[in-house]
Amino acid sequence: MTPASKAKVTIILANLGTPDAPTVPAVRRFLKQFLSDQRVIEIPKLLWQAILNLFVLPFRPKRVAKAYAQVWNQDSPMREVLFKQVEQMQSRLGSVYPQFELKIIPAMTYGNPGINEVLAKLQADPQDHILLFPLFPQYSATSTAPLYDAVARWIPKQRNLPGLTIIRDYYQHPLFIESLANSVREFQSVYGRAEKLLMSFHGIPQPYADKGDPYAERCRITAQRLAESLNLQPHEWACSFQSRFGKQEWIKPYTDELLAQWGQEGVKSVQVMSPAFSADCLETLEELAMENAETFKHAGGAEYAYIPALNNREDHLDLLTSLVKANLDTLTQTLAN
């Protein structure tokens, strides 16, 4: 097969997004894009835009920028991890499928590299097949669906449409559960076990779940599968939800309230992880690892530790590679027929 006859295949690894810098202007731009998405905020558009521009964007970016500054490295942690995941996936898969001209590229729903810009570049370099891989273990209309929306907006502009595959989620995939369990075991082999293991997931408003968003149930299944893999008893673990925004009810139990309750009840040691995140970010490194540690200790708790997200663990990359290979193998068969 000559290089000219190879099918062009692009895999897009996509995460939520991050500001370009830990500064107020950069955070304001990011928050405006993120919070203007009606998948994220379902308040009527005109009303929400008034609230956003008059009450949120003038004040919130300063606090959020300060928080980002506490976790920023050379770049945002999420973007650093994503770029490394892309690099390692390209290394793992680049030579496995010689029949394809295979590229793996990063994208963000909000911020840079933006999914809209990534798709526009692919329009200039037409592909035979695009595999979109949202790095959200549990599907939600607030996180995964905006990537579907971006593709849906892109499709009508294309004359030469590629084949398209989207990996919806992987919330109970055996390799995902195994990687999570391994991360806990390895952490505890160094630091010992705590009285409680808390699996804290990003929250969504309760009305979203009531309308049919399956996210909360998927999170609970992930937590249950992980607890089973670790042979935990019911009193040794819990599942909770963090990062409430606004005054409406969100899915429960709330992480901060549960930690306060445990501290008041005499629980002295807690280890916390967030199986909703494929990469550490502001929400895990600042809110979960720092803010909630203070909440627990202020309520009477003593030892609090955060178990990092899966990031670039080898077994996590094994999971991501396995999911991509399953799709590429199917594509190989399709082209062969």
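Notes on the structure in this doc start here. Here the structure is a predicted model, which is why all the values come from computation and not from measurement. (Residues numbered from 1 in each chain as written. Predicted model: local features only at pLDDT ≥ 70, side-chain atom pairs only at ≥ 80, totals over all residues. Heavy atoms only, no water.)

With respect to unusual backbone geometry
Of the consecutive residues Asn112 and Pro113, the connecting peptide bond is found in the cis state with omega at 0°. Along the chain, Lys252 connects to Pro253 via a cis peptide bond; the corresponding omega equals 5°. Mapped onto the secondary structure, Pro253 falls in the loop between strand E6 (237–242) and helix H10 (255–265). At Asn311, a residue that is not glycine, the phi angle is positive and equals roughly 45°. (Helix = DSSP H or I, 4+ residues; strand = E, 2+ residues; numbered from the N terminus.)

Examining the pairing of strand E8 (residues 303–306)
Alternating residues of E8 divide into Tyr304 and Tyr306, all buried, and Glu303 and Ala305, none buried. Relative to E8, strand E7 (residues 269–273) runs parallel, the two being bridged by four bridges. What sits directly across from Val272, in E8, is Tyr306. Handedness of the crossover is the feature at issue here: the chain leaves E7, passes through helix H11 (residues 282–298), returns alongside E8, and the resulting connection is right-handed. (Buried < 20%, exposed > 50% of the residue type's maximum accessible area, 1.4 Å probe, protein only. Pairing = 2+ DSSP bridges. Right-handed = clockwise from strand over helix to strand, strands pointing away.)

Observations concerning the sheet that holds strand E3 (residues 129–134)
Strand pairing in a sheet relies on backbone hydrogen bonds, with the paired strands running either antiparallel or parallel. Read from one edge of the open sheet, four strands run E2-E1-E3-E4, paired in parallel fashion. The sheet terminates laterally at strand E2 (100–111) and strand E4 (163–166), the two strands that pair on one side only. Between one strand axis and the next, the sheet turns through 20° on average, direction left out of account. In the sheet, strand E1 (residues 7–18) pairs with E2 via eleven bridges, with the strands oriented parallel. In the strand pairing of E2, Val9 is matched with Leu102. Against the sheet, helix H1 (residues 24–35) contacts E1 and E2, and its axis sits at roughly 100° relative to E2. Contacting E1, E2 and E3, helix H5 (residues 115–124) runs over the sheet at an angle of about 150° to E2. (Axes fitted to C-alpha atoms, helices over the stretch in contact; angles between N-to-C directions. Contact = heavy atoms within 4.5 Å.)

Focus: the nonpolar core
Membership of the largest hydrophobic core comes to 55 residues, with the highest contact counts inside it found for Leu13, Phe133, Leu197, Met199 and Phe201. Tallying contributions element by element places helix H12 (residues 314–336) first for this core, with seven residues. Grouped together as the second largest cluster of nonpolar side chains are 19 residues, Val40, Leu57, Val64 and Tyr110 included. (Core = buried A, V, L, I, M, F, W, Y, C linked by side-chain atoms within 4.5 Å.)

Description of the sheet that holds strand E5 (residues 196–202)
If you walk across this open sheet you meet the four strands as E6-E5-E7-E8, and the pairing is parallel. Both outer strands of the open sheet, E6 and E8, are each paired with one neighbouring strand and no more. Shown here is a sheet whose adjacent strand axes are inclined to one another by a mean of 25°, direction ignored. Bridge count for E5 against E7 is four bridges, and the pairing is parallel. By the bridge assignment for E7, Leu197 is matched with Gln271.

Side note on the pattern of salt bridges
It is possible for side chains bearing opposite charge to pair when their charged atoms get close. In total, this model carries 15 salt bridges according to the counting rule given. Its salt-bridge partner being Arg39, residue Asp149 comes within 2.8 Å of it at the nearest N-O pair. Of this pair, Asp149 sits in helix H6 (residues 145–154) while Arg39 sits in the loop between H1 and helix H2 (45–56), placing them 110 residues apart in sequence. Between Arg92 and Asp318 there is a salt bridge, and its shortest N-O distance comes to 2.9 Å. Pair noted here: Arg92 is in helix H4 (residues 77–93) and Asp318 is in helix H12, with a separation of 226 residues, a long-range link. (Salt bridge = Lys/Arg side-chain N within 4 Å of Asp/Glu carboxyl O.)

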